[in-house]
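In case you want the letters, here they are:
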Amino acid sequence: MSELSLLAALVIALGIVGILLPVLPGVLIVLAAIVGWGLVVGGAAAWLAVAAAAACLVASQVLKYLIPGRNLRVAGVPRTSLGIGAALGIVGFFVIPVVGLVIGFVVGVYAAERRRLKDKAMARAATVDAIRAVGLSILIELVGGLLAAGIWLAAAIQLT
């Protein structure tokens with residue numbers, strides 16, 4: 001494997017970590033690594049791989065909002081509760097680095113739902129639904145990133 005492919009592999013791996021730990025823009029990092037590789041390698045096969053990988057990443061971005069969003073609408077969790085959770089997640093990220101993002105999100109959604117529903121059990125159930133939706137969103141994005149990485153790897157092996 002060439003030095004270029006090794007560098008691209010390391011950046012793609014960093015992007016995959018960014019998908020799992022939403023501190024880095026993982027999908028953008030994976031895409032940038034594959035496009036950069038395609039620019040240097042050139043040729044129809046490389047650009048076909050770039051296009052296929054980009055299609056996987058774009059599809060994952062669309063699906064990560066559609067599927068969990070539908071599940072949350074069915075569960076009755078309003079966008080305002082998710083917005084409050086996201087805002088407290090951002091605050092939590094700075095108060096307790098990395099882990100605070102998750103803690104802040106959970107506390108924010110629970111507090112918003114507790115205030116809205118006036119019932120602890122219902123607020124807890126809505127919070128669990130929101131956590132599942134976030135987990136599903138990360139899983140969808142991870143699958144897209146891994147598919148893109150697999151397409152790139154197959155092309156990189158083929159072209160070396």
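Structural notes on the overall build of the chain
Okay, step 1: Of regular secondary structure, the chain possesses six helices and zero strands.
Okay, step 2: Put simply, the chain runs from its N terminus to its C terminus through helices and strands in the order α-α-α-α-α-α.
Okay, step 3: For the chain, the proportion of its 160 residues judged to be buried stands at 34%.
Okay, step 4: Considering only contacts in the chain between residues 6 or more positions apart, those separated by 24 or more positions represent 60%.
Okay, step 5: Of the roughly 9,000 Å² that the chain leaves accessible, carbon and sulfur atoms contribute 76%.
Okay, step 6: Positive and negative side-chain charges in the chain, numbering 11 and 5 respectively, have mean positions lying 13 Å apart.

Considerations on the pattern of salt bridges
Okay, step 1: Inspection of every chain in the model, using the stated rule, returns three salt bridges.
Okay, step 2: We note a salt bridge from glutamate 141 to lysine 64, for which the minimum N-O separation is 3.2 Å. In this pair, glutamate 141 sits in helix α6 (residues 120–159) while lysine 64 sits in helix α3 (residues 44–75), placing the two residues 77 residues apart along the sequence.
Okay, step 3: The exposure class of glutamate 141 is buried, given its relative accessible area of 11%.
Okay, step 4: The partner of glutamate 113 in a salt bridge is arginine 116, and the shortest N-O contact between them spans 2.7 Å. Placement of both glutamate 113 and arginine 116 in helix α5 (residues 99–117) is noted, with a separation of three residues, approximately one turn of the helix.
Okay, step 5: For glutamate 113, a relative accessible area of 0% puts it in the buried group.

Regarding helix α4 (residues 79–95)
Okay, step 1: The terminal C-alpha atoms of α4, which comprises 17 residues, lie 24 Å apart, in line with the 24 Å expected from a rise of 1.5 Å per residue.
Okay, step 2: Buried residues along α4 sit in contact with α5.

A closer look at the nonpolar core
Okay, step 1: Core analysis: the largest hydrophobic core is formed by 20 residues, its most contacted members being Ile12, Ile16, Val30, Ile34, Trp37, Ala148 and Trp152.
Okay, step 2: Counting residues per element, the ones that place at least two in this core are α1 (3–20), α2 (26–41), α3 and α6.
Okay, step 3: The contact partners of tryptophan 37, leaving out residues within four places of it in the chain, are Leu4, Ser5, Ala8, Ala46, Ala49, Trp152, Ala155, Ala156 and Leu159.
Okay, step 4: Formed by seven residues, the second largest nonpolar core is a distinct cluster that contains Leu72, Phe105, Val109 and Ala133.

As for the packing of α3 against α6
The angle between the axes and the distance between the axes are what describe a pair of packed helices.
Okay, step 1: Where α3 contacts α6, the two axes come as close as 9 Å, and the packing angle between them is 170 degrees. The pairing of α3 with α6 is recorded here as roughly antiparallel in orientation.
Okay, step 2: When its residues are assigned to classes, the contact of α3 with α6 shows 21 nonpolar, six polar and three charged.

Some points on the packing of aromatic side chains
Okay, step 1: Under the criterion given, the structure shown has two aromatic pairs.
Okay, step 2: Judged by centre distance (6.2 Å) and plane angle (80 degrees), the ring pair of tryptophan 37 and tryptophan 152 falls under edge-to-face. Pair noted here: tryptophan 37 is in helix α2 and tryptophan 152 is in helix α6, with a separation of 115 residues, a long-range link.
Okay, step 3: Taking the relative accessible area as the measure of exposure, tryptophan 37 reaches 2% and is therefore buried.
Okay, step 4: On the basis of an interplanar angle of 80 degrees and a centroid distance of 5.3 Å, the ring pair of phenylalanine 93 and phenylalanine 94 is categorised as edge-to-face.
Okay, step 5: For phenylalanine 93, a relative accessible area of 25% puts it in the partly exposed group.
Okay, step 6: Look at phenylalanine 94 and you get exposed, because its relative accessible area is 64%.

Analysis parameters
Residues numbered from 1 in each chain as written. Predicted model: local features only at pLDDT ≥ 70, side-chain atom pairs only at ≥ 80, totals over all residues. Heavy atoms only, no water. Helix = DSSP H or I, 4+ residues; strand = E, 2+ residues; numbered from the N terminus. Buried < 20%, exposed > 50% of the residue type's maximum accessible area, 1.4 Å probe, protein only. Contact = heavy atoms within 4.5 Å. Areas by Shrake-Rupley, 256 points an atom, 1.4 Å probe, with all protein chains shown as cover. Lys, Arg positive; Asp, Glu negative; His and termini not counted. Charge placed at Lys NZ, Arg CZ, Asp CG, Glu CD. Salt bridge = Lys/Arg side-chain N within 4 Å of Asp/Glu carboxyl O. Expected span 1.5 Å × (residues − 1). Core = buried A, V, L, I, M, F, W, Y, C linked by side-chain atoms within 4.5 Å. Axes fitted to C-alpha atoms, helices over the stretch in contact; angles between N-to-C directions. Parallel < 35°, antiparallel > 145°, perpendicular 65-115°, else oblique. Nonpolar A, V, L, I, M, F, W, Y, C, P; charged D, E, K, R; others polar. Phe/Tyr/Trp six-rings, centres within 6.5 Å; stacked < 30°, edge-to-face > 60°.

Everything listed here is a matter of coordinates, which is why it stays silent on function.
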